[in-house]
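Read off the chains here:
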Amino acid sequence: MSLGASQVLGPGDPVLELPESGEVRIGSGVRLQDGCMAASKAGRLQRTNRGKLWIKGRQKKYIPRVDDAVVGIVRDRLPENFIVDINGPFNADLPLLAFENVTRRNIPALKAGDLVYARVTAADRDLHPVLACTNALGKAAGMGPLSGGMTFSVSSATVASLLAVPPHPALAALGAAFKFEVVVGVNGLCWVDADKLATCVLVANCIRNCEDLGAEEAGAVTKRIVQAMAG
Amino acid sequence: MEYVTPEGLRTDGRRPRELRKLGCQLGTLESADGSATCEMGFTKVLAAVFGPRDTAGKLHPDRAVVRCQVATAPFSAGERRRRGKRGPLATEQAATIRETLAENIHLELLPRTQIDLYFHVLQADGGILSTCLNAGMLALADAGIPLKDLVGSCTVGYLESTPLLDLNYIEESGGGPLLPMAYQPNMDKILMLQMDKGKLPVETFEVLATLATEGCRAVTGQIRQSLMNHTKQLAVARGSV
Amino acid sequence: MISAGERAYITQCVEGGLRGDGRGCLDHRVTRLDVGTIPQANGSARVQLGGTDVMVGVKVEIGAPLAFRPDSGRVEFNVDFSPCGSPDFEGKEGEVLGADLANALARSVVVGPDGKAGGLDLATLSILPGNSCWVIFVDALILNNDGSLLDAVTMAMRGALAEIRIPHVEITKGDSAEVPEFEIDNEKSSKLDAGAVPIIVTVAKIGRRYLVDLTSEEELCSDFSLHIAVNAEGRVCGVTKKGSTPVHASVMQEMLELAQRIGPKVIESLDAYIVDVLGE
C-alpha cells in the first residue's frame, strides 16, 4: 500500500508497507515501526525526485542539517569557539577561525547578542551542531557578522517559500519599491537592514504577514501596502 | 443521589456510554514550541510543550528526558481555591501523564535534550487526567516532536451497577471505581490503564476495560480530525494545496 | 536580556516616532478579547494584547468582611504566571512576580481612604454587617508575557466583571441566631455595577518620547514607567512607579495627562465590544 504525495498524515499513520525486497528511502518524519513505515509527525507527505518519502510539517524548533544557511544569535565566547543560538535543540559552535581571512590576531569581536549569518557544517544527532562563516572554498560568500538592522522570526514553512525561486511575490514587490538588504535564515530567524528605519519596519512586517497568507495573497497585500506608502 | 435514572439518563442528561463533547484547538500559545487546549465537557486544560531543548539539568546520553508539571487555576473548581502546584494529587497525576506521553515519543531520536510538558487546568469537571493526556498529545504533535502514534484517553466508572463513560465531577465523587485509560489507535495498544478507588469483580472489570477502549477509539478519532484540520489549514496557508 | 544592537535599534526607531511593529508611540497593539472563556467561573475573559496573553477568572463567594470595614464586601487579587508561558515561570519565580502584580492591582483598583473602592461600591456587597459579605476573587493567569501585563490584566478584568451577577440573599436567621442562615436565590440576581472600575495604562519614557503598551523588549529599553489606573471619566485612581530612576514631577504630570486621555478611549472600545458580546 502506498500513498499519494501531499496527503495529510498524523503520527502513527502508515505510510508504506515494507516490500519483500528492495530499497525504500525515507526522510524526516517517517519511521520504521513494527514492520511498516509510519509517520512520526503531522504534516503533508512529500516524495522527492529520487523517491524519498518525508513529511513536511510546521514546527517552531529548527532541526539543523548540513549546508543550511542560518542566522544565529551569539550567546557566549569560549577559548576555541563562539556559542550561537540557532533556535534548535542545541546551541551551535562557531569556531573562532571559521571566517574568511582570519588569524588569531583579528578574530571578529562578536559579543553576546550579536548576529551572525553562517552555514551548518556538522549536524550530528549526538553532538552540538557546528557552523562556519565560510563556504566550502573558504570564502565568506555573504556570511559573517550582521550589524545594524533588525531581526524577526518566521516559521520554517514560510522560510521555504521565501527562499524559493522564482522570488516570493511579496519580496519582489518590496524590492521594486525600496532599497534594503534581507537575510532569511533556514532556521526561521531573519534580518533586514535599510537606510531608513521605517523601511526596515515595513519590510519586516510585510514578510511576517506571509506567515498567514499564501504566496499570491501576500504578494497582493504587499503591493497594496507599498503603493499606500509611496503615495 | 441518583446517578442513573430508571430511563437510563445521567445527571447531565447523557446515556451511560455517551462521551461528553470534545473540543480541541492547536497552537493556542505564542511562545511555547507546541500548545493545545482540550475540552471534555466542562473540563478544560491548556497544555504547552517546550523543547526539545538543551538545559543545565540532568540529561540522558541516549534519549530525551521528559518533565511534566500540572497546575490548577484557582477558578477551576466549584469552590475557589488557591491550590499549590505541588499538591500530592497534582504530583501523582503529573507522573502518570509524563510516563504515558513519554512512552509515545521517539525519545531515542533526541538524545541529551529535555522536553518540558506544562499543563494548566482551567476548568475542572471530572476526567482531568484524560483531558490532560489528550491536550498533551496534541501539544506534542503541534511541536513536531517525533511520536510513535496518536494517543487518546478517557475515563470509565461504575455506579449503581452501570458502566459509565467519561465521568463528570459529580459522578467521580460518587465513590465508585475510576478507570482512566490511554490508547494508541494505529498500533491498537493500551498505553495506560489505572484503577482507582474500589474493588471490582473480574467480569465487570473486563466490561469496563472494553468500554474504555471503545471510548478511547472515539476520542482518538476526534483528536485525529482536529489535528488533520489544523495541519491542512497550515498547508493551505503555505500555498501548497 | 537584550543586546546593545537591539537596544540601539529600538531607541532610534522610537526617536523617529516609530516602533518595531510599525505602531506609533501612543498606539496599542491589536487586542483580542474573549469573554466567558470559563463558564464555570462567575465571570471570565481572556485578553491577547499583541503577544501578551492573560486570562482572568472571577469567582464570587460568601465570606467574612475585614475587621475594620464590617459593612463592606471584599475584593481579593491573585496573579499567577502559568508555566505554560515559559519554563522560567515554573515554581517560586512565578509566584513572586505574581505577588507584585497583585499588589499593584489591589492598590489601583480597590479601596480608597474614604472607604470607596476605585470603582466598586463595596458597601453593596455586604450581607450581614460584621458577619458576612460577598467576596470577589479576581484570579489572573499570565499565559505569555510580552509586556504591559497590568494593562492586559485590567482589560480582561473589565470583561470578566461585566459578566458577574450577584445572587439575591435573604437572611432567614439574623442577628439573634448564633450562626446566621441565608437563602441564596440565583434567579433573582443583579449585575455587578463595575462600570467605574479603572483600567491600568502603562506609560513609559524612552529617550524623549512617551510610549504606551510596551512589548517586553521595549520595557527593557525604558528607564522607568508608570502604571496609571484611569477610569471611564478620565480620573486617576492610582499610580505605581516602576523602575528606580528618579523622575521630574513635570514628567510624571505629562504621563498622567497622557493616561487620562488614552484610558477612557480604551474603556469605551472595550465596553462597546463587551456589550455586543454579552448582548445587554
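What counts and what doesn't
- Residues numbered from 1 in each chain as written.
- Chains lettered and ligands numbered in written order.
- Predicted model: local features only at pLDDT ≥ 70, side-chain atom pairs only at ≥ 80, totals over all residues.
- Heavy atoms only, no water.
- Helix = DSSP H or I, 4+ residues; strand = E, 2+ residues; numbered from the N terminus.
- Rg over C-alpha atoms; globule rule 2.2 N^0.38 Å.
- Buried < 20%, exposed > 50% of the residue type's maximum accessible area, 1.4 Å probe, protein only.
- Contact = heavy atoms within 4.5 Å.
- Lys, Arg positive; Asp, Glu negative; His and termini not counted.
- Charge placed at Lys NZ, Arg CZ, Asp CG, Glu CD.
- Buried area = accessible area lost by both parts, 1.4 Å probe.
- Polar contact = N/O pair within 3.5 Å; in protein donor to acceptor, adjacent residues only side chain to side chain.
- UniProt positions renumbered as here; feature names shortened; annotations may be inferred.
- Pairing = 2+ DSSP bridges.
- Axes fitted to C-alpha atoms, helices over the stretch in contact; angles between N-to-C directions.
- Parallel < 35°, antiparallel > 145°, perpendicular 65-115°, else oblique.
- Left-handed = near helix turned anticlockwise from the far one by under 90°.
- Nonpolar A, V, L, I, M, F, W, Y, C, P; charged D, E, K, R; others polar.
- Salt bridge = Lys/Arg side-chain N within 4 Å of Asp/Glu carboxyl O.
- Domains from an automatic or database assignment.

Chemist: What am I meant to see in the overall build of chain B here?
Modeler: Within chain B, the secondary structure is distributed over four helices and nine strands. Sequence-ordered secondary structure for chain B, helices as α and strands as β, is β-β-β-β-α-β-α-β-β-α-β-β-α. Whereas a compact globule of 241 residues would reach a radius of gyration of roughly 18 Å, chain B reaches 18 Å, a difference of no more than 12%. If you line up chain B on its principal axes, its C-alpha atoms span 55 × 45 × 35 Å. Counting the 241 residues in chain B, one finds 61% classified as buried. Sequence-distant contacts in chain B: of pairs separated by 6 or more residues, those separated by 24 or more amount to 68%. The positive charge centre, built from 27 side chains, and the negative charge centre, built from 27, are 6 Å apart in chain B.

Chemist: Honestly, the interface of chain B and chain A in this entry has me stumped. Any pointers?
Modeler: Quite often, the size of an interface is put as the accessible area lost when its parts meet. Taken together, the contact between chain B and chain A spans 41 residues of the former and 34 residues of the latter. Between chain B and chain A, the buried area comes to about 2900 Å², and carbon and sulfur atoms account for 52% of it. There are eight residue pairs in polar contact (both at pLDDT 80 or more) connecting chain B and chain A. At the level of elements, β3 (43-53), α2 (128-142) and α4 (202-237) of chain B are the ones that each hand at least two residues to the side of chain B that touches chain A. For the side of chain B that touches chain A, the leading source of residues is α4(B), giving eight residues.

Chemist: Explanation requested: the UniProt feature "domain: K Homology" (unreviewed entry) in chain A in the structure shown.
Modeler: Per the UniProt annotation, the sites labelled "domain: K Homology" (unreviewed entry) are residues 149-195 of chain A. Note that residues 149-195 of chain A is 34% helix and 32% strand, and that its end C-alpha atoms are spaced 9 Å apart.

Chemist: Explain the pairing of strand β7 (residues 162-165) of chain B here, please?
Modeler: In summary, the side chains of a regular strand alternate between the two faces of the sheet. Residue and element names in this part refer to chain B. The side-chain alternation of β7 yields two buried faces, one formed by T162 and L164 and the other by P163 and L165. Sheet topology places strand β6 (residues 152-159) next to β7; four bridges connect them, and they run antiparallel. Looking across to β7, one finds that Y158 is bridged to P163. Here β6 folds back onto β7, and the loop between the two strands holds two residues, one of which, E160, carries a positive phi near 50°.

Chemist: Looking at this structure, I do not really get the packing of helix α2 (residues 92-109) of chain C against helix α3 (residues 149-163) of chain C. What am I missing?
Modeler: Packed helix pairs are characterised by how far apart their axes lie and by the angle those axes make with each other. Residues and elements named next belong to chain C. One way to put it is that α2 packs onto α3 with a least axis distance of 11 Å and a crossing angle of 60°. Between α2 and α3, the angle falls in the class oblique. Regarding α2 and α3, the two cross each other, and that crossing is right-handed. Facing α2, whose interface residues are L101, A104, L105 and V109, α3 presents L149, L150, V153, T154 and M157. Its residues placed into classes, the contact of α2 with α3 shows eight nonpolar, one polar and no charged.

Chemist: It is not clear to me how the sheet that holds strand β13 (residues 150-153) of chain A should be interpreted in this structure. Could you clarify?
Modeler: By definition, the strands of a sheet pair up through backbone hydrogen bonds, in either a parallel or an antiparallel sense. All names here are of chain A. Spatial strand order, β13-β15-β14: three strands in an open sheet with antiparallel pairing. With partners counted over all chains shown, the strands left at the sheet margins are β13 and β14 (180-184), one partner each. Taking each pair of neighbouring strands and ignoring which way they run, the sheet shows an average axis angle of 20°. Here β14 pairs with strand β15 (residues 189-194) via five bridges, running antiparallel. Residue pairing for β15: V182 is matched across the bridge by V192.

Chemist: Explain the interface of chain C and chain B here, please?
Modeler: Chain C puts 32 residues into the contact, and the matching count from chain B is 31 residues. Across the interface of chain C and chain B, roughly 2700 Å² is buried in total on both sides, 54% from carbon and sulfur atoms. In this assembly, chain C and chain B are joined by one salt bridge. A salt bridge links R80(B) to D139(C), with the shortest nitrogen-to-oxygen separation between them at 2.6 Å. Inspection of the chain C/chain B interface yields 10 residue pairs in polar contact (both at pLDDT 80 or more). Sorting the residues of the side of chain C that touches chain B by element identifies β2 (43-49), β3 (52-63), β4 (74-81) and β6 (132-144) of chain C as the ones contributing at least two each. A per-element tally of the side of chain C that touches chain B places β3(C) first, with six residues.

Chemist: Sorry, what's going on with unusual backbone geometry here?
Modeler: Most of the time, phi is negative for any residue but glycine, and the peptide bond is trans. Here the bond from G51(B) into P52(B) is cis, since omega is 5°, no more than 30 degrees from zero. Along the chain, the position of P52(B) falls in strand β3. For D188(B), which is not a glycine, the phi torsion comes out positive at approximately 55°. Its location among the elements puts D188(B) in the loop between β8 (178-184) and β9 (189-193). Judged by relative accessible area, D188(B) falls into the partly exposed class, the value being 48%. At S148(C), a position not held by glycine, the phi torsion is positive, near 55°. Tracing the backbone shows S148(C) in the loop between β6 and α3. Under the relative-accessibility criterion, S148(C) is labelled buried at 2%.

Chemist: Which parts of the structure should I look at to understand the side chain of D114(A)?
Modeler: Residue and element names in this part refer to chain A. Take D114: it is sitting in the loop between β9 (92-95) and β10 (115-122). Polar contacts involving the side chain of D114 include one to the main-chain amide nitrogen of K111, which spans 2.8 Å. Residues in contact with D114, not counting those within four places in the same chain, are G72, I73, V74 and A109.

Chemist: Sorry, what's going on with the domain arrangement of chain A here?
Modeler: All names here are of chain A. Annotation of chain A at the domain level lists domain 1 (8-56), domain 2 (69-146) and domain 3 (150-230). With nine residues of domain 2 at the interface, the matching set in domain 3 holds eight residues. Here domain 2 packs against domain 3, burying approximately 730 Å² in sum over the two surfaces, 70% of which is carbon and sulfur. Sorting the residues of domain 2 by area buried against domain 3 places V71, L115 and L146 first, and these three jointly supply 55% of that buried surface. For the interface between domain 2 and domain 3, the tally reads zero salt bridges. One can count three residue pairs in polar contact (both at pLDDT 80 or more) joining domain 2 with domain 3. Within the residue set of the side of domain 2 that touches domain 3, elements represented by two or more residues are β7 (69-77) and β10.

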